[in-house]
Amino acid sequence: MTDYETFVRALLPRLLRYATMLTGEREQAADLVQDALVKVYRRWSRISEAEYPDRYVVRMVTNGYLSWRHSRAARLIAAGDPPDEMGPDDFASDHALREDMWQRLARLPRRQRAVVVLRYYEQLTDAEIADLLGCAQATVRAHAHRALTTLRDGLTTEHLAQAKEN
Amino acid sequence: MEIEKLIKDTFSAHEHDAPDGDVVFAATQQRIHRRRVVSSRPLAIAAGVVALTLAAVAVVALNRSGSTPGDDAQVAVGSTIKAPAGPAIPELSMPFALDWLPDGSAKYVVRRINIGGTAENPDKPVYGGEYTLSVTADGQVLDIDVAELRMMSVDEAAFKSGPGSPVTVDGKRGVESSKSDGPDGYELYVEHPEEGSMYVKVGSGIGSTVPTQQLVEAGRKIAEHITFPGKATVAPLFGLRDLPSGMRICAFEVDEGSAALDAKGGREPNTSYELGSCSTAPPVVVGTNNTNPPKGKPGRPVQGHKTRYVDERGYRTLWVLDAVGSAPVVLAGRVPPSELYDVADHLVLPD
């Protein structure tokens, strides 16, 4: 087994979960990770010498996702109407609450979604996110603020309380 | 703080949606190691000659600005890039044409996406057409991206390559930026004749180092020679006809593949469509698939082709085997299986 293969096999589950959170769609996540891994192979001699090659690859996946702004993934964020304001009765279960949030996440602009995923799924600090995205921490905070404002829109206090209790 | 918990819970709940690692790894290995045996359909391009007009003089493409890809897909007629397809496969219209490209041979991906709009203006298409090309000449590769951004004005331009500076291109207001190293190269946003902007990016391909000035000159010249609506059409690997009621083509993508660029990597030719009402996220994706092996149980034959069918927690996939040469056409979405079969029955496959 080559170094490349060992590296990729170890990192792949995390990459695929991360790409799924970014794209919200299994096939696109697979495409995104495949594209990145082919590039990693081509540049392996250089990447393998990096101090943190895994971060390098996560950055490649992130950049791949962000560069889709003109293409495939762009279709998904552009689509769909925002949900109507929902009453507490509309949420029959935790599942419905999370599915509603999943749909809200799908409508976020890509950079905002990336920040949300890196913050709340990858658990990175704003400084780490800024480094990964190549922007200022203030920009990260601005994206996060806007994203949270959008995600909260239409969610009632009861829903949030429900989320807190669960 | 509560919403943050809800977000985390939502992500955790969707971890099981992640693709299978072994399948993705196998597909990646295939792309890396398998030397492509595909019919290369290079697009010869000469200086000063209509480059990716894609269409010859005989094209009679209906190219209404603002219409949906589905409308055009049903009626466009033309003679363009040769694909291994019979005449029954309807060609697809692009909303604009590129009348100039740098010297060299081009490999392309073209897309047309007209889904929905913003919450404020749901009828206004957010994305239009896009060409992604690699032009190779004298061992150097130029990566070119030209896209309609109808939702973004020049004033809202955002660059990956650095701060922008004002420029006038063919009498139209624009903003440009360039970076001599890295893949972002030269970027330009210039006013769209109707609304929003056109985005042009020219960068050095992998392993190539093209001088910045050359990138800038190429980018500006490409922008000067964009024509609307143009008569560019492309020939997909397969088509669709008489779709079930309420279903239209919301987006399409035609990829010529890039086998000749790099024997170790590259892409197979590919055609895909997204189908639905086009007012919400298209529920059905249809496309050729050269990378992932078919999975699932045998299903009902479609147009004389064997099929495989799999249901993964409500996400259903139908594989129509050997539909385009040896490649399958895959239909997938969170829809009833009958809907997938209904669409499959309306595929227009090559002879």
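Computed from a predicted structure; not experimentally measured.

Draft legend 1. Seen up close, the overall build of chain A. Counting its secondary structure elements, chain A contains 10 helices and zero strands. Secondary structure elements of chain A occur, N-terminal to C-terminal, as α-α-α-α-α-α-α-α-α-α. Pairs at least 24 apart in sequence give 71% of the contacts found in chain A among residues at least 6 apart. Accessible surface computed for chain A: about 7,500 Å², of which carbon and sulfur atoms make up 47%.

Draft legend 2. Fine view of the overall build of chain B. The helix and strand inventory of chain B stands at five helices and 21 strands. Counted over contacts in chain B with a minimum sequence separation of 6, partners at least 24 positions apart contribute 62%. Taken as a whole, chain B presents about 14,500 Å² of accessible surface, with 52% of it coming from carbon and sulfur.

Draft legend 3. Just unusual backbone geometry, in detail. Residue and element names in this part refer to chain B. Omega for the peptide link from Phe228 to Pro229 comes to -10 degrees, which places this bond in the cis form. In this structure, Asp322 is a non-glycine residue whose phi angle is positive, near 50 degrees. Its location among the elements puts Asp322 in strand S19 (residues 315–324). The partly exposed category is assigned to Asp322, whose relative accessible area is 46%.

Draft legend 4. Spatial organisation of the environment of B:Gly174. Residues and elements named next belong to chain B. Here Gly174 lies in strand S8 (residues 172–178). A C-alpha to C-alpha distance of 9.7 Å links Gly174 and Ser153, two positions 21 residues apart in sequence. For Gly174, the contacting residues outside a window of four places in its chain are Val154, Ser165, Pro166, Val167, Tyr189 and Val190.

Draft legend 5. Main features of the confidence of the model for chain A. Residues and elements named next belong to chain A. Summary statistics for chain A give a mean pLDDT of 76 and a share of 75% for residues scoring 70 or more. The spread of mean pLDDT over the elements of chain A runs between helix H5 (residues 74–78), the lowest at 33, and helix H7 (residues 110–120), the highest at 92. Of the regions scoring below 50 in pLDDT, residues 69–92 engages in 81 contacts with residues more than four places distant in sequence or in other chains.

Draft legend 6. Structural detail: the packing of H7(A) against helix H1 (residues 2–13) of chain B. Look at H7(A) against H1(B): their axes get within 10 Å of each other, and the N-to-C directions meet at 90 degrees. As the angle between them shows, H7(A) and H1(B) are arranged roughly perpendicular. Contacts between H7(A) and H1(B) involve A:Val116, A:Val117 and A:Tyr120 from the former and B:Glu4, B:Ile7, B:Lys8 and B:Phe11 from the latter. The residue makeup of the contact of H7(A) with H1(B), split by class, is five nonpolar, no polar and two charged.

Draft legend 7. Broad picture of the packing of helix H2 (residues 26–42) of chain A against helix H4 (residues 53–66) of chain A. Residue and element names in this part refer to chain A. Between H2 and H4, the shortest axis-to-axis distance is 9 Å and the interhelical angle comes to 130 degrees. Classified by the angle their axes make, H2 and H4 are oblique. Every pair of crossing elements has a handedness; the one defined by H2 and H4 is right-handed. Along the contact surface, H2 presents Leu32, Ala36, Lys39 and Val40, while H4 presents Val57, Met60, Val61, Gly64 and Tyr65. For the contact of H2 with H4, the class distribution of residues is seven nonpolar, one polar and one charged.

Draft legend 8. Examining the side chain of B:His192 more closely. Residues and elements named next belong to chain B. Along the chain, His192 turns up in the loop between strand S9 (186–191) and strand S10 (197–204). Owing to a relative accessible area of 7%, His192 belongs among the buried residues under this scheme. Within polar-contact distance, the side chain of His192 engages the backbone nitrogen of Glu194 at 2.9 Å. Those residues in contact with His192 that sit more than four places away from it in its chain are Glu148, Arg150, Ser197, Met198 and Phe228.

Draft legend 9. How the structure looks around H2(A). All names here are of chain A. Here H2 contains 17 residues, and its C-alpha end-to-end distance of 25 Å stays within 8% of the 24 Å for a straight helix at 1.5 Å per residue. Three or more residues of H2 are buried, namely Arg26, Gln28, Ala29, Ala30, Leu32, Val33, Gln34, Ala36, Leu37, Val38 and Val40. For H2, the N-terminal capping position is held by Glu25, with its side-chain oxygen 3.1 Å away from the main-chain nitrogen of Glu27.

Draft legend 10. Here's a closer look at the packing of aromatic side chains. Residues and elements named next belong to chain B. Counting across every chain of the model gives nine aromatic pairs over all chains. Ring geometry for Phe96 against Tyr131: centres 5.1 Å apart, planes inclined by 70 degrees, an arrangement best described as edge-to-face. Here Phe96, found in the loop between strand S2 (92–93) and strand S3 (97–98), pairs with Tyr131, found in strand S5 (residues 129–137); they are 35 residues apart in sequence, far enough to count as distant. An identical accessibility class is assigned to Phe96 and Tyr131; each is buried.

Draft legend 11. Highlighting the environment of B:Ser208. Residue and element names in this part refer to chain B. Along the chain, Ser208 turns up in the loop between S10 and helix H4 (212–224). Under the relative-accessibility criterion, Ser208 is labelled buried at 11%. Along the primary structure Ser208 and Leu142 are separated by 66 residues, whereas in three dimensions their C-alpha atoms are 7.8 Å apart. When residues no more than four places from it in sequence are discounted, the contact partners of Ser208 are Gly139, Gln140 and Val141. Within the structure, Ser208 has its side chain in polar contact with the side chain of Gln140 (distance 3.5 Å). Here Val141 takes part through its backbone nitrogen, which lies 2.8 Å from a polar atom of the side chain of Ser208.

Draft legend 12. Seen up close, the side chain of B:Thr288. Residue and element names in this part refer to chain B. Structurally, the position occupied by Thr288 is in strand S16 (residues 284–288). Within polar-contact distance, the side chain of Thr288 engages the side chain of Asn270 at 2.7 Å. If near-sequence neighbours (up to four positions away) are discounted, Thr288 is found in contact with Leu237, Phe238, Pro269, Asn270, Thr271, Val324, Pro328 and Val329.

About the criteria used
- Residues numbered from 1 in each chain as written.
- Chains lettered and ligands numbered in written order.
- Predicted model: local features only at pLDDT ≥ 70, side-chain atom pairs only at ≥ 80, totals over all residues.
- Heavy atoms only, no water.
- Helix = DSSP H or I, 4+ residues; strand = E, 2+ residues; numbered from the N terminus.
- Contact = heavy atoms within 4.5 Å.
- Areas by Shrake-Rupley, 256 points an atom, 1.4 Å probe, with all protein chains shown as cover.
- Buried < 20%, exposed > 50% of the residue type's maximum accessible area, 1.4 Å probe, protein only.
- pLDDT = per-residue confidence, 0-100.
- Axes fitted to C-alpha atoms, helices over the stretch in contact; angles between N-to-C directions.
- Parallel < 35°, antiparallel > 145°, perpendicular 65-115°, else oblique.
- Nonpolar A, V, L, I, M, F, W, Y, C, P; charged D, E, K, R; others polar.
- Left-handed = near helix turned anticlockwise from the far one by under 90°.
- Polar contact = N/O pair within 3.5 Å; in protein donor to acceptor, adjacent residues only side chain to side chain.
- Expected span 1.5 Å × (residues − 1).
- Phe/Tyr/Trp six-rings, centres within 6.5 Å; stacked < 30°, edge-to-face > 60°.

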